[in-house]
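Working through the structure, step by step
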Amino acid sequence: MQQYLETAVRAARAAGAMQKERLWSEHDIEFKGEINLVTEVDKACEDLIVRTIRAEFPDHDILAEENDYAAVNSPCKWIIDPLDGTTNYAHGFPWFCVSIALEIEGIVQTGVVYHPMMGEMFIAIKGQGAFVNGRQLHVSSKGPLKNCLLATGFPYDRSWDNENNFNNFMNFQMTARAVRRFGAAALDLAYVAAGRLDGYWECKLKPWDVAAGQLLVSEAGGKVTNHDLEPFSVYDHRILATNGIIHQEMAGVLASKESRSALAD
Ligand code: IPD
Ligand code: CA
Ligand code: CA
(Lines give C-alpha, C1' and ligand atoms only; values in the text may rest on other atoms or scores of the structure.)
(Ligands and ions follow the chains in the order given, each with its own letter.)
Protein backbone atom coordinates (compact mmCIF):
# COMPACT_ATOMS: atom_id res chain seq x y z
CA MET A 1 0.00 0.00 0.00
CA GLN A 2 2.93 2.29 0.78
CA GLN A 3 3.96 2.47 -2.89
CA TYR A 4 0.44 3.55 -3.89
CA LEU A 5 0.38 6.18 -1.18
CA GLU A 6 3.78 7.52 -2.23
CA THR A 7 2.60 7.91 -5.82
CA ALA A 8 -0.57 9.69 -4.66
CA VAL A 9 1.45 12.04 -2.45
CA ARG A 10 3.86 12.86 -5.27
CA ALA A 11 1.04 13.52 -7.73
CA ALA A 12 -0.90 15.64 -5.22
CA ARG A 13 2.17 17.70 -4.34
CA ALA A 14 2.94 18.43 -7.99
CA ALA A 15 -0.68 19.39 -8.76
CA GLY A 16 -0.89 21.53 -5.62
CA ALA A 17 2.32 23.36 -6.56
CA MET A 18 0.84 24.19 -9.97
CA GLN A 19 -2.38 25.43 -8.33
CA LYS A 20 -0.49 27.69 -5.96
CA GLU A 21 1.76 29.07 -8.67
CA ARG A 22 -1.13 29.94 -11.01
CA LEU A 23 -3.70 31.01 -8.41
CA TRP A 24 -3.68 34.74 -9.03
CA SER A 25 -3.00 34.66 -12.75
CA GLU A 26 -5.77 35.06 -15.29
CA HIS A 27 -7.85 31.92 -15.82
CA ASP A 28 -9.48 30.39 -18.79
CA ILE A 29 -12.92 29.62 -17.31
CA GLU A 30 -15.49 27.31 -18.89
CA PHE A 31 -18.91 26.27 -17.62
CA LYS A 32 -19.92 22.62 -17.12
CA GLY A 33 -23.49 23.67 -16.35
CA GLU A 34 -25.01 26.99 -15.43
CA ILE A 35 -22.72 27.65 -12.45
CA ASN A 36 -20.31 24.71 -12.30
CA LEU A 37 -16.97 26.16 -13.40
CA VAL A 38 -13.85 24.51 -14.67
CA THR A 39 -10.52 26.25 -15.20
CA GLU A 40 -7.50 25.33 -17.29
CA VAL A 41 -5.77 24.51 -13.99
CA ASP A 42 -8.35 21.81 -13.09
CA LYS A 43 -7.64 20.16 -16.45
CA ALA A 44 -3.86 20.55 -16.31
CA CYS A 45 -3.81 19.12 -12.78
CA GLU A 46 -5.90 16.14 -13.80
CA ASP A 47 -3.52 15.45 -16.72
CA LEU A 48 -0.53 15.69 -14.41
CA ILE A 49 -2.03 13.36 -11.79
CA VAL A 50 -3.26 10.80 -14.31
CA ARG A 51 0.11 10.79 -16.12
CA THR A 52 1.94 10.28 -12.81
CA ILE A 53 -0.30 7.38 -11.81
CA ARG A 54 -0.32 5.74 -15.23
CA ALA A 55 3.46 5.90 -15.50
CA GLU A 56 3.60 3.55 -12.51
CA PHE A 57 0.32 1.67 -12.67
CA PRO A 58 -0.72 1.51 -16.33
CA ASP A 59 -3.22 -1.30 -15.69
CA HIS A 60 -5.32 0.52 -13.09
CA ASP A 61 -8.70 2.14 -13.67
CA ILE A 62 -9.19 5.89 -13.28
CA LEU A 63 -12.31 7.75 -12.18
CA ALA A 64 -11.66 11.49 -12.27
CA GLU A 65 -13.80 14.58 -12.48
CA GLU A 66 -12.75 16.23 -15.73
CA ASN A 67 -12.48 13.32 -18.21
CA ASP A 68 -13.89 9.86 -18.85
CA TYR A 69 -11.23 7.16 -18.94
CA ALA A 70 -12.01 3.87 -20.65
CA ALA A 71 -12.46 1.12 -18.05
CA VAL A 72 -9.82 -1.60 -18.01
CA ASN A 73 -11.68 -3.61 -15.33
CA SER A 74 -8.81 -3.63 -12.89
CA PRO A 75 -9.56 -4.34 -9.20
CA CYS A 76 -7.68 -1.05 -8.55
CA LYS A 77 -9.41 2.24 -9.26
CA TRP A 78 -7.96 5.69 -8.60
CA ILE A 79 -10.60 8.27 -7.68
CA ILE A 80 -9.37 11.79 -8.34
CA ASP A 81 -10.57 15.33 -7.79
CA PRO A 82 -7.70 17.30 -9.32
CA LEU A 83 -8.89 20.59 -7.81
CA ASP A 84 -11.61 20.55 -5.16
CA GLY A 85 -12.87 24.08 -4.57
CA THR A 86 -12.88 25.32 -8.18
CA THR A 87 -15.26 28.21 -7.53
CA ASN A 88 -12.92 29.49 -4.81
CA TYR A 89 -9.95 28.97 -7.12
CA ALA A 90 -11.51 30.80 -10.05
CA HIS A 91 -12.17 33.78 -7.76
CA GLY A 92 -8.64 33.81 -6.34
CA PHE A 93 -9.97 32.71 -2.94
CA PRO A 94 -7.16 30.56 -1.53
CA TRP A 95 -9.13 27.58 -0.22
CA PHE A 96 -8.91 24.47 -2.39
CA CYS A 97 -7.12 21.14 -2.48
CA VAL A 98 -6.21 18.01 -4.42
CA SER A 99 -7.93 14.73 -3.52
CA ILE A 100 -6.66 11.31 -4.64
CA ALA A 101 -7.84 7.92 -3.38
CA LEU A 102 -7.24 4.32 -4.38
CA GLU A 103 -10.13 1.87 -4.22
CA ILE A 104 -9.25 -1.82 -4.37
CA GLU A 105 -12.09 -4.28 -4.96
CA GLY A 106 -14.62 -1.64 -4.02
CA ILE A 107 -12.97 -0.47 -0.79
CA VAL A 108 -10.96 2.73 -0.45
CA GLN A 109 -7.61 1.62 0.90
CA THR A 110 -5.58 4.82 0.82
CA GLY A 111 -6.18 8.49 0.20
CA VAL A 112 -4.54 11.89 0.27
CA VAL A 113 -5.90 15.42 0.50
CA TYR A 114 -3.32 18.14 -0.16
CA HIS A 115 -3.92 21.75 0.83
CA PRO A 116 -1.20 23.64 -1.02
CA MET A 117 -1.77 27.07 0.54
CA MET A 118 -1.24 25.65 4.03
CA GLY A 119 1.38 23.10 2.96
CA GLU A 120 -0.64 20.34 4.62
CA MET A 121 -0.59 16.78 3.24
CA PHE A 122 -3.35 14.70 4.83
CA ILE A 123 -2.87 10.96 4.27
CA ALA A 124 -4.58 7.77 5.37
CA ILE A 125 -4.18 4.05 4.87
CA LYS A 126 -7.08 1.81 5.86
CA GLY A 127 -6.38 0.25 9.24
CA GLN A 128 -3.21 2.30 9.77
CA GLY A 129 -4.51 5.72 10.82
CA ALA A 130 -4.60 9.20 9.34
CA PHE A 131 -1.81 11.79 9.46
CA VAL A 132 -1.07 15.34 8.48
CA ASN A 133 2.57 16.13 7.69
CA GLY A 134 3.53 13.08 9.76
CA ARG A 135 1.37 13.92 12.81
CA GLN A 136 -1.40 11.46 13.68
CA LEU A 137 -4.92 12.82 13.37
CA HIS A 138 -7.73 12.39 15.87
CA VAL A 139 -11.26 13.67 15.62
CA SER A 140 -12.45 16.12 18.26
CA SER A 141 -14.08 15.09 21.51
CA LYS A 142 -16.69 17.85 21.45
CA GLY A 143 -20.39 17.46 22.05
CA PRO A 144 -23.27 17.93 22.30
CA LEU A 145 -24.17 19.62 19.01
CA LYS A 146 -24.74 23.01 20.59
CA ASN A 147 -21.01 23.17 21.40
CA CYS A 148 -19.90 22.11 17.92
CA LEU A 149 -18.54 23.71 14.77
CA LEU A 150 -19.89 22.22 11.54
CA ALA A 151 -19.37 22.61 7.82
CA THR A 152 -21.45 21.89 4.77
CA GLY A 153 -21.83 22.85 1.12
CA PHE A 154 -24.56 23.36 -1.42
CA PRO A 155 -25.08 21.62 -4.76
CA TYR A 156 -24.61 23.41 -8.07
CA ASP A 157 -28.32 22.92 -8.96
CA ARG A 158 -29.50 24.53 -5.72
CA SER A 159 -31.56 27.25 -7.39
CA TRP A 160 -33.80 24.85 -9.35
CA ASP A 161 -33.83 21.58 -7.38
CA ASN A 162 -35.53 21.18 -4.01
CA GLU A 163 -32.78 19.05 -2.53
CA ASN A 164 -30.68 22.14 -2.02
CA ASN A 165 -29.65 21.65 1.62
CA PHE A 166 -31.18 24.96 2.69
CA ASN A 167 -33.52 23.49 5.33
CA ASN A 168 -30.71 21.40 6.78
CA PHE A 169 -28.50 24.47 6.90
CA MET A 170 -31.14 26.48 8.72
CA ASN A 171 -31.79 23.66 11.20
CA PHE A 172 -28.11 23.26 12.01
CA GLN A 173 -27.68 27.02 12.36
CA MET A 174 -30.31 26.80 15.10
CA THR A 175 -28.82 23.75 16.85
CA ALA A 176 -25.01 23.93 16.49
CA ARG A 177 -22.55 26.58 17.68
CA ALA A 178 -21.87 27.62 14.08
CA VAL A 179 -21.96 26.30 10.53
CA ARG A 180 -19.34 27.21 7.91
CA ARG A 181 -19.39 26.88 4.11
CA PHE A 182 -15.77 26.77 2.92
CA GLY A 183 -16.25 25.43 -0.63
CA ALA A 184 -14.00 22.35 -0.77
CA ALA A 185 -15.64 19.13 0.42
CA ALA A 186 -12.42 17.14 0.65
CA LEU A 187 -10.91 19.75 2.96
CA ASP A 188 -14.04 19.83 5.10
CA LEU A 189 -13.56 16.10 5.65
CA ALA A 190 -9.83 16.49 6.33
CA TYR A 191 -10.72 19.12 8.94
CA VAL A 192 -13.19 16.77 10.67
CA ALA A 193 -10.37 14.20 10.76
CA ALA A 194 -8.05 16.80 12.29
CA GLY A 195 -10.59 17.77 14.98
CA ARG A 196 -10.80 21.33 13.60
CA LEU A 197 -14.44 20.72 12.69
CA ASP A 198 -16.73 18.45 14.69
CA GLY A 199 -19.14 17.45 11.93
CA TYR A 200 -19.83 17.80 8.24
CA TRP A 201 -22.75 16.86 6.03
CA GLU A 202 -23.58 17.46 2.40
CA CYS A 203 -25.72 16.05 -0.39
CA LYS A 204 -25.25 15.40 -4.11
CA LEU A 205 -21.53 14.83 -3.87
CA LYS A 206 -19.52 12.77 -6.31
CA PRO A 207 -17.10 9.93 -5.44
CA TRP A 208 -14.06 12.16 -6.14
CA ASP A 209 -15.28 14.76 -3.61
CA VAL A 210 -15.33 12.29 -0.73
CA ALA A 211 -13.24 9.17 -1.46
CA ALA A 212 -10.04 10.30 0.27
CA GLY A 213 -11.69 12.50 2.90
CA GLN A 214 -14.08 9.86 4.25
CA LEU A 215 -11.12 7.51 4.84
CA LEU A 216 -9.30 10.30 6.71
CA VAL A 217 -12.28 10.72 9.02
CA SER A 218 -12.76 7.05 9.78
CA GLU A 219 -9.03 6.49 10.26
CA ALA A 220 -8.95 9.45 12.66
CA GLY A 221 -11.57 7.73 14.83
CA GLY A 222 -14.64 9.47 13.43
CA LYS A 223 -17.83 8.10 11.97
CA VAL A 224 -19.02 8.30 8.35
CA THR A 225 -22.47 7.22 7.15
CA ASN A 226 -25.10 8.37 4.72
CA HIS A 227 -27.93 10.54 6.06
CA ASP A 228 -29.93 7.42 6.97
CA LEU A 229 -27.11 6.14 9.18
CA GLU A 230 -26.26 3.36 6.74
CA PRO A 231 -22.60 2.52 6.09
CA PHE A 232 -21.18 5.06 3.67
CA SER A 233 -20.21 4.21 0.12
CA VAL A 234 -18.34 6.80 -1.94
CA TYR A 235 -21.10 6.32 -4.54
CA ASP A 236 -23.69 7.55 -2.01
CA HIS A 237 -24.81 11.10 -2.62
CA ARG A 238 -25.41 12.14 0.99
CA ILE A 239 -22.62 12.09 3.52
CA LEU A 240 -22.55 12.60 7.28
CA ALA A 241 -19.06 12.63 8.83
CA THR A 242 -18.53 13.46 12.48
CA ASN A 243 -16.39 12.91 15.55
CA GLY A 244 -18.84 10.08 16.43
CA ILE A 245 -20.13 11.84 19.53
CA ILE A 246 -22.61 14.04 17.68
CA HIS A 247 -23.44 11.58 14.90
CA GLN A 248 -26.88 10.55 16.17
CA GLU A 249 -27.76 14.11 17.04
CA MET A 250 -26.83 15.32 13.55
CA ALA A 251 -28.70 12.43 11.92
CA GLY A 252 -31.75 13.43 13.97
CA VAL A 253 -31.60 16.97 12.57
CA LEU A 254 -31.23 15.61 9.01
CA ALA A 255 -34.30 13.42 9.60
CA SER A 256 -36.45 16.32 10.81
CA LYS A 257 -39.71 17.07 9.06
CA GLU A 258 -38.44 20.23 7.31
CA SER A 259 -35.30 18.52 6.05
CA ARG A 260 -37.20 15.49 4.73
CA SER A 261 -39.82 17.62 3.02
CA ALA A 262 -37.21 18.90 0.55
CA LEU A 263 -36.52 15.31 -0.54
CA ALA A 264 -40.19 14.49 -1.03
CA ASP A 265 -40.97 17.37 -3.44
C1 IPD B 1 -17.32 21.15 -5.06
C2 IPD B 1 -16.79 21.51 -3.69
C3 IPD B 1 -17.86 22.14 -2.84
C4 IPD B 1 -19.10 21.28 -2.75
C5 IPD B 1 -19.60 20.95 -4.15
C6 IPD B 1 -18.50 20.25 -4.93
P7 IPD B 1 -15.55 21.21 -7.08
O8 IPD B 1 -16.34 20.50 -5.84
O9 IPD B 1 -16.31 20.35 -3.03
O10 IPD B 1 -17.41 22.36 -1.51
O11 IPD B 1 -20.08 21.98 -2.03
O12 IPD B 1 -20.72 20.11 -4.02
O13 IPD B 1 -18.98 19.90 -6.21
O14 IPD B 1 -16.55 21.40 -8.17
O15 IPD B 1 -14.99 22.47 -6.58
O16 IPD B 1 -14.51 20.16 -7.41
CA1 CA C 1 -15.01 18.49 -5.88
CA1 CA D 1 -12.99 19.50 -8.85
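Calculation rules
Residues numbered from 1 in each chain as written. Chains lettered and ligands numbered in written order. Predicted model: local features only at pLDDT ≥ 70, side-chain atom pairs only at ≥ 80, totals over all residues. Heavy atoms only, no water. UniProt positions renumbered as here; feature names shortened; annotations may be inferred. Helix = DSSP H or I, 4+ residues; strand = E, 2+ residues; numbered from the N terminus. Buried < 20%, exposed > 50% of the residue type's maximum accessible area, 1.4 Å probe, protein only. Polar contact = N/O pair within 3.5 Å; in protein donor to acceptor, adjacent residues only side chain to side chain. Contact = heavy atoms within 4.5 Å. Core = buried A, V, L, I, M, F, W, Y, C linked by side-chain atoms within 4.5 Å. Axes fitted to C-alpha atoms, helices over the stretch in contact; angles between N-to-C directions. Parallel < 35°, antiparallel > 145°, perpendicular 65-115°, else oblique. Left-handed = near helix turned anticlockwise from the far one by under 90°. Pairing = 2+ DSSP bridges.

- Labelled according to an unreviewed UniProt entry, the chain appears under the name Inositol-1-monophosphatase, originating from Geotalea daltonii.
- The annotation that UniProt attaches to the chain under Cofactor (unreviewed entry) is "Mg(2+)".
- On record in UniProt, under Sequence similarities (unreviewed entry), the comment for the chain is "Belongs to the inositol monophosphatase superfamily."

**Side note on the side chain of threonine 110**
- Considering the arrangement of structural elements, one finds threonine 110 in strand β6 (residues 107–115).
- Exposure remark for threonine 110: the relative accessible area of 2% places this residue in the buried category.
- In this structure the side chain of threonine 110 is engaged in a polar contact, spanning 2.8 Å, whose partner is the backbone oxygen of alanine 124.
- Sequence-distant contacts of threonine 110, defined by excluding residues within four places in its chain, comprise Met1, Tyr4, Leu5, Ile100, Ala101, Leu102, Ala124, Ile125 and Leu215.

**Let's talk about the nonpolar core**
- Ranked by size, the top nonpolar core spans 39 residues in total, and within it Val113, Phe122, Leu137, Leu187, Tyr200, Leu216 and Ile239 carry the most contacts.
- When contributions to this core are tallied by element, the ones reaching two or more residues are β5 (97–104), β6, β7 (120–125), β8 (129–132), α5 (185–193), α6 (207–219) and β14 (238–242).
- Counting residues per element, this core draws most heavily on α5, at eight residues.
- Those residues within four positions of leucine 187 in sequence are excluded, and the remaining contacts are Asp84, Trp95, Phe96, Cys97, Val113, His115 and Phe122.
- Residues Val9, Ala11, Tyr69 and Ile104 belong to the second largest nonpolar core, which totals 34 residues.

**Here's the deal with the packing of helix α1 (residues 2–22) against helix α2 (residues 40–56)**
- It is the contact of α1 with α2, at a shortest axis distance of 9 Å, that shows an interaxial angle of 160 degrees. Classed by the angle they form, the pair α1 and α2 counts as roughly antiparallel. Note that α1 runs across α2; the crossing there is right-handed. Listed contacts from α2 to Thr7, Arg10, Ala11, Ala14, Ala15, Met18, Gln19 and Arg22 of α1 are Glu40, Val41, Ala44, Cys45, Leu48, Ile49, Thr52, Ile53 and Glu56.

**Digging into the pairing of β14**
- Within β14, four of the five residues are buried, which leaves it mostly tucked inside the rest of the structure.
- Direction of pairing for strand β12 (residues 199–203) relative to β14: antiparallel, over a ladder of five bridges. Across the sheet, residue tyrosine 200 finds its bridge partner in β14, namely alanine 241.
- Alignment of strand β13 (residues 223–225) against β14, held across three bridges, turns out to be antiparallel. Of the residues in β14, the one forming a bridge with threonine 225 is leucine 240.

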